[in-house]
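Chain residues, written in single-letter form:
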Amino acid sequence: QVQLVESGGGLVQAGGSLRLSCAASRNIFAVYSMAWFRQAPGKQRELVTSITPESNTYYASSVKGRFTISRDNAKNTVDLQMNSLKPEDTAVYYCNTAAAQLRWGQGTQVTVSS
């Protein structure tokens, strides 16, 4: 089975930036679309962004223009560059396939202060 480990979260002021990284235990990124999800307190988990094996990308309207997803198939990693962060971006961020086929990792906490 494939394991996913998220890292890079932290506390940042509004307007700041963070870069999250997701590492997979096996090379799967060449054949599966990968995605970042997030879950804020009191809210359902939502899809933030995804990237296909062909490098086509999708962004939720709330993050479009501020977040950028990228993948490195050789390193089995998918990253999320987050710029111009807002307090409403505060959440636990998770990676998975776009269809959420894998076991969820622990996620990484992103906290944006006003």
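Going by the structure above, here's the rest.
What you see is a predicted model; the values in this text were computed from it and never measured.

Conventions and cut-offs
- Residues numbered from 1 in each chain as written.
- Predicted model: local features only at pLDDT ≥ 70, side-chain atom pairs only at ≥ 80, totals over all residues.
- Heavy atoms only, no water.
- Salt bridge = Lys/Arg side-chain N within 4 Å of Asp/Glu carboxyl O.
- Helix = DSSP H or I, 4+ residues; strand = E, 2+ residues; numbered from the N terminus.
- Disulfide = S-S within 2.5 Å.
- Buried < 20%, exposed > 50% of the residue type's maximum accessible area, 1.4 Å probe, protein only.

Colleague: Account for the pattern of salt bridges, naming residues and giving values.
Modeller: Taken as a whole and judged by the stated rule, the model has five salt bridges. The residue Asp79 makes a salt bridge to Arg19 at a minimum N-O spacing of 3.2 Å. In this pair, Asp79 sits in strand 8 (residues 77–82) while Arg19 sits in strand 3 (residues 18–24), placing the two residues 60 residues apart along the sequence. Among the charged side chains, a network of salt bridges with common partners joins Arg38, Glu46, Arg66 and Asp89.

Colleague: Give me the state of the cysteines: which residues, what numbers.
Modeller: What the rule picks out here adds up to one disulfide. Each disulfide pairs two cysteine sulfurs, and for Cys22 the partner residue is Cys95, the sulfurs being separated by 1.8 Å. Judged by the sign of its S-S torsion, about 60°, the cystine formed by Cys22 and Cys95 is right-handed. Taken together, the positions of Cys22 in strand 3 and Cys95 in strand 9 (residues 91–97) put the pair 73 residues apart, joining distant regions of the chain. Overall, Cys95 belongs to the buried group, its relative accessible area being 0%.

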